Amino acid sequence: MPTEDLAPTSTPLEEEPGPENIAALLSSPNPIWKSVGVAYANAVSQYAMWRAGELRGFRIAGRRILDAVPQLSQGRCGVAVVVGHMPPLVERLRGVCREVLVLERNPRLRFGKGVYPDTAAPRIVPLGEVVVITGAALVNDTFDSVVELARGAELRIAVGPTAALHPSLFAEAGLDYVASLRVVDVGAVERTLMWGGGRWSIDRYCEDYVAELRSRGRA
């Protein structure tokens, strides 16, 4: 979470997350509470998917987004809008799309060609034929508004470790694909995070997946 999203009103969590308070955490304007709520919902979703075998409503289409999504693998991509600057993914998209536009909230990550502040979302997002949304939008509470702005896109895709909610929930929001991570070695990930590691430090203990959503509605 960017430090600029924190405020004096961002008080610490008052109780452990659980079924009785998860709705309140997810709908809270407090970014710390919302972050914990999303993390809890992701953990429950991953357990349901990979341990309990709750795989209805989607199919695993592959491990890499550019291979699993036909419009991207076949080079049939016009304008792609990426919400959240993810340089490796952005560079790969530039190899298959006619144009790539990026929105980024954090000014320290706002570099390179075609990168704009996220305040430009109402002007930029509707231009996308393919709109890729970082899971961090769930935490900073912009996910719903971005999806609404992208209602005319051919494809809407959620990506990143934070987008580890059960894919059926993204289907209800009108998305087409979810590209996220499955934790294979929970203990190793827990230790790495406790010792100060981040996203790329845990990669070797995880497995990428791309879920194609079977009930693709339009929000």
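This one's a predicted model, so the numbers in the text were calculated from it and none came from an experiment.

Analysis parameters
- The residue numbers shown here count from 1 along each chain, following its written sequence.
- Per-residue local features are limited, in this predicted model, to residues with pLDDT of at least 70; the limit for side-chain atom pairs, both in listing and counting, is 80 or more; totals at the level of whole chains, interfaces and linings are taken over all residues.
- The side-chain values count all of the structure's non-hydrogen atoms but skip hydrogen atoms and water molecules.
- The helix and strand labels rest on DSSP assignments: H or I over at least four residues marks a helix, E over at least two residues marks a strand, and numbering proceeds from the N terminus.
- By definition here, a helix of n residues has an expected span of 1.5 Å times n minus one.
- Buried means the residue's accessible area, taken with a 1.4 Å probe over protein chains only, is under 20% of the maximum for its type, while exposed means over 50%, and partly exposed covers the values in between.
- Any two residues having at least one pair of non-hydrogen atoms within 4.5 Å are treated as being in contact.
- Whenever two N or O atoms come within 3.5 Å, that pair is a polar contact, provided that in protein one can donate a hydrogen and the other can accept it, and provided that, for residues adjacent in sequence, both atoms are side-chain atoms.
- Centres within 6.5 Å make a pair out of two Phe, Tyr or Trp rings, where for Trp the six-membered ring is used; the pair is then stacked when the planes are under 30 degrees apart, edge-to-face when over 60, and tilted otherwise.
- Two strands pair under a simple rule: DSSP has to find at least two bridges between them.
- Axis lines are fitted through C-alpha atoms, for helices just across the contact stretch, and the angle between N-to-C directions can take any value from 0 to 180 degrees.
- What we call a nonpolar core is a set of buried Ala, Val, Leu, Ile, Met, Phe, Trp, Tyr and Cys residues that are connected through their side-chain atoms within 4.5 Å.
- Whether a crossover is right-handed comes down to one check: with the strands pointing away from the viewer, does the path from the first strand over the helix to the second run clockwise; if it does, it is right-handed.

Glancing now at helix H2 (residues 31-51). When the terminal C-alpha atoms of H2 are compared, their 29 Å separation across 21 residues agrees well with the 30 Å that a helix rising 1.5 Å per residue should span. What H2 keeps buried is the set Pro31, Trp33, Lys34, Gly37, Val38, Ala41, Asn42, Ser45, Gln46 and Met49. In the core, the buried residues of H2 are packed alongside helix H1 (22-26), strand S1 (58-62), helix H7 (136-139), helix H9 (167-172), strand S7 (177-183) and strand S8 (206-213). Where H2 begins, the side chain of Asn30 points an oxygen toward the backbone nitrogen of Ile32, at a separation of 2.9 Å.

This paragraph deals with the packing of aromatic side chains. By the definition in use, this model includes two aromatic pairs. Each ring, one from Trp50 and one from Tyr209, has its centre 5.4 Å from the other, and the planes form 70°; the classification is edge-to-face. Placement of the pair is Trp50 in helix H2 and Tyr209 in strand S8, with a sequence separation of 159 residues. Using a relative accessible area of 24% as the deciding quantity, one classes Trp50 as partly exposed.

So, on to the pairing of strand S6 (residues 155-159). Of all the five residues making up S6, five are buried; the element is thus mostly covered by neighbouring parts of the structure. The alternating pattern of S6 places Leu155, Ile157 and Val159 on one face and Arg156 and Ala158 on the opposite face, and all of these are buried. Here strand S5 (residues 130-134) runs beside S6; their pairing, made up of five bridges, is parallel. Paired with Val131 across the two strands is Arg156, which belongs to S6. Inspection of the sheet shows S6 paired to S7 by three bridges, in the parallel sense. Bridge pairing in S7 links Val159 to Ala179.

One open sheet holds the eight strands; their spatial order is S1-S8-S7-S6-S5-S2-S3-S4, and the pairing between them is mixed. Where the open sheet ends on each side, the last strands, each with one partner, are S1 and strand S4 (115-117). Taken pair by pair, the neighbouring strands of this sheet meet at an average axis angle of 25°, ignoring direction. Sitting on the sheet, H2 touches S1, S7 and S8, and the angle it makes with S7 is about 85°.

What follows concerns the nonpolar core. Val125, Ile133, Phe143, Phe170 and Leu175 are the most contacted members of the largest nonpolar core, which totals 35 residues. Core analysis: the second largest hydrophobic core is formed by 24 residues, Ile65, Val82, Val90 and Val132 among them.

A separate point is unusual backbone geometry. Unlike most non-glycine residues, Asp141 shows phi in positive territory, near 65°. Residue placement: Asp141 occurs in the loop between H7 and helix H8 (143-149).

Once that is clear, we can look at the pairing of strand S3 (residues 97-104). With respect to burial, S3 is a largely interior element, six of its eight residues being buried. Bridging between strand S2 (residues 77-83) and S3 involves six bridges; their strand directions are parallel. Opposite Val79, over in S3, you have Glu99 as the bridge partner. As a crossover connection, the stretch from S2 through helix H5 (residues 87-94) into S3 is right-handed. Note: S3 against S4, three bridges, orientation parallel. Residue Leu103 lies in a different strand from S4, and its bridge partner there is Tyr116.

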